[in-house]
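This is what each chain is made of:
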Amino acid sequence: MAEQELPGLLIMDVGGTHGVQESLALLLKKHFCVITMKELLENKKEMGKKIQSIFVSECRPTIDEELLESLPNLKVIGNSGVGVDHLNLKMISNFGVKVTNTPHAVADSTADMGMALMLASARRLVEGSQIAVSPDTNYFAADWLGVEVTRATLGIIGMGRIGYKVAQRARAFEMKILYHNRNRRSKEEEQAVGACYSEMEDLLQQSDFVMLVVNLTPETEKLIGKKELGLMKPTATLINISRGAVIDQDALVEALQNKTIKAAALDVTYPEPLPRNHPLLKLNNVIITPHIGTATVQATHMKAEEAIANMLSVLKCHPVPSEVFPQ
Amino acid sequence: MEGQELPCVLIDCIGGKHGVYEDHAEFLKERFCLITMKEYLENKSFLGKKIRAIYMWYHKPVINEELLQSLPNLKIVASSGAGVDHLDLNLLSSYGVKVSNTPLTVSTDTADLGMALMLASSRRLVEGHQMAISPDTEYFPANWLGAEVSGATLGIVGMGIIGYKVAERAKAFEMKILYHNRKQRNKEEERAVGATYCEKIDDLLQQADFVMLAVKLTPQTHKLIGKRELQLMKPTAILINISRGLVVDQDALVEALQNKVIKAAALDVTYPEPLPRDHPLLKLKDVLITPHIGSATVKTRHLMKENMTESIQAGLAGLPIPNEVLL
């Protein structure tokens, strides 16, 4: 009897600059017949029919109408990662295709990244490391100081899964934690991390560190603009582990240049990477990391596993753990 | 009646590379008659008799037998920071001079920096920042990965005040915590942070993903981590040092990093500080060095100044001395 064929899965590539790692490809091949974009383009008609699912990682492959029209049997797009702002959910839904994401796999590593950025910025770690290795350094100055994280006030904007894990970590640093969210968390959840619900304005005015952990939606685009930056303390640091577009970047540049706020630490910008002449690259009170919030060996595997589980549940007509619906 | 003269306290200098901060000096001058080393040397016979305390900031002024012999009324040396490895405690004791330090004040900042170094090293933060701002960067490569801190195993060598605060913080990252110490902590203390005692340092070294050194420097801990210890560590492990440079055999560390015996090192302390500019540690890409900034925050330095002032005042009044260092 012929082997039951595994469902076809489209991926960008294996290896190379934008492909999935070999080890992930092997994992995918256990459950799917993996087809790369190159293979699809070389044989659109035959490959197109086989593809029932697409694994989207770091926003690739790009999902547009042309692609969807060439995949008549496509049932699900499994995104690796929690953010789906790069996907046109309405358009995809019109084709009768489901979209899933990986909210569980990203939580710990992204929360860790938020803490890493807050600590690095407060203690001037990047600057310090440059002094330590600079050929011009012949002593360490006694009055070269950073600011405390322990017992400072952290304002978390967006208290979803990731924001809550940030609060859990920050609590161990005896931080005073304020949070703002669409919905208030339960009393037990608040008490467990010592977090106080705040109106946005109060949070901005009282925080030493403001951390953005929302997802990007039409409501959160440019959530932090000139007004919000103006409400922050001049000694405050803005940390962004959500999406670049949540901040009005021009307003941020101005606020940093005029010392309206003290510093920024950004894992995300718009676009990524920034153009090489962008003012954010030149400010000495800015740390930028290349969107590495989930860039760990462990998280990458967990994302793939969560995406696989979600996609298989769609293909088997089982309940889908993490389906994302258009607004 | 004329006001009582303020007690005379010797300091190295005000301002400059290593001197007492200008704003701290103002505070001190309200309580003490400050005499700088320069003033003292210009008028040794007169001022020597008046000096009753030394305010030692950043290990200066250097205290040797010659100085002690010329300060017949010296009662107490207040040293900034937790470490006293730069003082000859036996010598001071033989002259009947008491010593104080500031172990508690520096503890949270130092623990915070330990966490900052662990996160920055594991997630390749400095490298990532350099990539994000480099003029040559055109895209962010896929599969550029670090390693997860959450859920990993942390081995704390030296579970004193600072080591324990590291454990409190690491617990919130759901890390598995092992510790090695001269004495085992009591059960409640262990349970509170979920730490497991390793009587033999070897057991800790073999299991830890991160090894953090938080011991004092003593003859027993000098070169505690040498070739043997580094080889016991996992090849994927990261060594973090927030204690003293001499706790690590630096030549053995260089060799271990070059041969990939361990994965990386993050050092707030080296020997000497700064390292000579041609030292191999400055060139290794898996090494993060910060310029001994464990307690370098504005708030903590103010608290240190206050603690040292209290210790001096108590010492001069013949009262029990807060933070006295006993032999």
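Quick caveat, the model's predicted, so the values are computed rather than measured.

## Describing helix α8 (residues 161-171) of chain A
Residue and element names in this part refer to chain A.
Turning to step 1, where the next piece is worked out: Counting buried positions over the eleven residues of α8 gives eight, a clear majority of the element.
Turning to step 2, where the next piece is worked out: Along α8, the residues that are buried comprise Ile-162, Gly-163, Tyr-164, Lys-165, Val-166, Ala-167, Arg-169 and Ala-170.
Turning to step 3, where the next piece is worked out: Tucked into the core, α8 has its buried residues touching α6 (103-122), β6 (153-157), β7 (176-180), α9 (187-193) and β9 (209-212).

## Digging into the pattern of salt bridges
Turning to step 1, where the next piece is worked out: A full pass over the atoms with the stated rule returns 30 salt bridges over all chains.
Turning to step 2, where the next piece is worked out: Residue Glu323(A) pairs with Lys98(A) through a salt bridge whose shortest N-O separation is 3.6 Å. In this pair, Glu323(A) sits in strand β13 (residues 323-324) while Lys98(A) sits in strand β5 (residues 98-100), placing the two residues 225 residues apart along the sequence.
Turning to step 3, where the next piece is worked out: The residue Glu255(B) makes a salt bridge to Lys227(B) at a minimum N-O spacing of 3.5 Å. Of this pair, Glu255(B) sits in helix α12 (residues 250-258) while Lys227(B) sits in helix α11 (residues 227-232); the two residues are 28 residues apart in sequence, bridging distant segments of the chain.
Turning to step 4, where the next piece is worked out: For Lys227(B), a relative accessible area of 48% translates into the label partly exposed.
Turning to step 5, where the next piece is worked out: Overlapping salt bridges bring together Asp108(A), Asp112(A), Lys165(A), Arg169(A) and Glu174(B) as one network.

## Side note on the sheet that holds strand β8 (residues 195-197) of chain B
Residues and elements named next belong to chain B.
Turning to step 1, where the next piece is worked out: Strand order in the open sheet formed by seven strands is β8-β7-β6-β9-β10-β11-β12, and the pairing between neighbours is parallel. The open sheet has two free edges, formed respectively by β8 and β12 (287-289), since each of these has just one partner strand. Ignoring strand direction, the axes of neighbouring strands in this sheet form an average angle of 20°.
Turning to step 2, where the next piece is worked out: In terms of strand pairing, strand β9 (residues 210-213) meets strand β10 (residues 238-241) through four bridges, oriented parallel. Within β10, the residue paired with Met-212 across the bridge is Ile-240.

## What to know about the UniProt feature "domain: D-isomer specific 2-hydroxyacid dehydrogenase catalytic" (unreviewed entry) in chain A
Turning to step 1, where the next piece is worked out: The sites that UniProt annotates as "domain: D-isomer specific 2-hydroxyacid dehydrogenase catalytic" (unreviewed entry) are residues 25-324 of chain A.
Turning to step 2, where the next piece is worked out: The distance from the first to the last C-alpha atom of residues 25-324 of chain A is 24 Å, and the span holds 40% helix and 16% strand.

## Some thoughts on the nonpolar core
Turning to step 1, where the next piece is worked out: Met175(A), Leu238(A), Leu252(A), Leu280(A) and Met175(B) are the most contacted members of the largest nonpolar core, which has 133 residues in total.
Turning to step 2, where the next piece is worked out: Discounting chain neighbours no more than four positions away, the residues touching Met175(A) are Met118(A), Val149(A), Arg151(A), Ala152(A), Thr153(A), Leu154(A), Ala170(A) and Phe209(A).
Turning to step 3, where the next piece is worked out: Of all hydrophobic cores here, the second largest spans 33 residues; its members include Ile201(B), Ile262(B), Leu275(B) and Leu281(B).

## Things to note about the side chain of Asn101(A)
All names here are of chain A.
Turning to step 1, where the next piece is worked out: In this fold, Asn-101 is placed in the loop between β5 and α6.
Turning to step 2, where the next piece is worked out: The exposure class of Asn-101 is buried, given its relative accessible area of 10%.
Turning to step 3, where the next piece is worked out: Polar contacts involving the side chain of Asn-101 include one to the main-chain carbonyl oxygen of Val-82, which spans 3.0 Å.

## Remarks on the interface of chain B and chain A
Turning to step 1, where the next piece is worked out: Facing the 60 residues of chain B at the interface are 66 residues of chain A.
Turning to step 2, where the next piece is worked out: Roughly 5500 Å² is buried in total at the junction of chain B and chain A, and carbon and sulfur atoms are behind 62% of that figure.
Turning to step 3, where the next piece is worked out: Between Lys165(A) and Glu174(B) there is a salt bridge whose closest N-O contact spans 4.0 Å.
Turning to step 4, where the next piece is worked out: Counting every contact that joins chain B to chain A gives 29 residue pairs in polar contact (both at pLDDT 80 or more).
Turning to step 5, where the next piece is worked out: Those elements giving two or more residues to the side of chain B that touches chain A turn out to be α6 (107-122), α7 (125-133), α8 (161-171), β12 and α13 (298-316) of chain B.
Turning to step 6, where the next piece is worked out: Among the elements that make up the side of chain B that touches chain A, the one with the highest residue count is α6(B) (nine residues).
Turning to step 7, where the next piece is worked out: For the side of chain B that touches chain A, the class distribution of residues is 32 nonpolar, 15 polar and 13 charged.

## Quick notes on the packing of helix α7 (residues 125-133) of chain A against α7(B)
Turning to step 1, where the next piece is worked out: At a closest axis distance of 10 Å, the pairing of α7(A) and α7(B) adopts a crossing angle of 95°. Classified by the angle between their axes, α7(A) and α7(B) sit roughly perpendicular to one another. Residues Leu125(A), Val126(A) and Ser129(A) of α7(A) touch α7(B), and the partners they reach there are Leu125(B), Val126(B) and His129(B).
Turning to step 2, where the next piece is worked out: Among the residues making up the contact of α7(A) with α7(B), the classes are represented as four nonpolar, two polar and no charged.

## Notes on the pairing of strand β3 (residues 51-56) of chain B
All names here are of chain B.
Turning to step 1, where the next piece is worked out: With five of six residues buried, β3 lies mostly within the body of the structure.
Turning to step 2, where the next piece is worked out: Of the pairings in the sheet, the one linking strand β1 (residues 8-11) to β3 comprises three bridges and is parallel in character. The residue of β3 that forms the bridge with Cys-8 is Ile-51.
Turning to step 3, where the next piece is worked out: Inspection of the sheet shows β3 paired to strand β4 (residues 76-79) by four bridges, in the parallel sense. Among the inter-strand pairings, Ala-53 is bridged to a residue of β4, identified as Ile-76.

What counts, and where the lines are drawn
- Residues numbered from 1 in each chain as written.
- Chains lettered and ligands numbered in written order.
- Predicted model: local features only at pLDDT ≥ 70, side-chain atom pairs only at ≥ 80, totals over all residues.
- Heavy atoms only, no water.
- Buried < 20%, exposed > 50% of the residue type's maximum accessible area, 1.4 Å probe, protein only.
- Helix = DSSP H or I, 4+ residues; strand = E, 2+ residues; numbered from the N terminus.
- Contact = heavy atoms within 4.5 Å.
- Salt bridge = Lys/Arg side-chain N within 4 Å of Asp/Glu carboxyl O.
- Pairing = 2+ DSSP bridges.
- Axes fitted to C-alpha atoms, helices over the stretch in contact; angles between N-to-C directions.
- UniProt positions renumbered as here; feature names shortened; annotations may be inferred.
- Core = buried A, V, L, I, M, F, W, Y, C linked by side-chain atoms within 4.5 Å.
- Polar contact = N/O pair within 3.5 Å; in protein donor to acceptor, adjacent residues only side chain to side chain.
- Buried area = accessible area lost by both parts, 1.4 Å probe.
- Nonpolar A, V, L, I, M, F, W, Y, C, P; charged D, E, K, R; others polar.
- Parallel < 35°, antiparallel > 145°, perpendicular 65-115°, else oblique.

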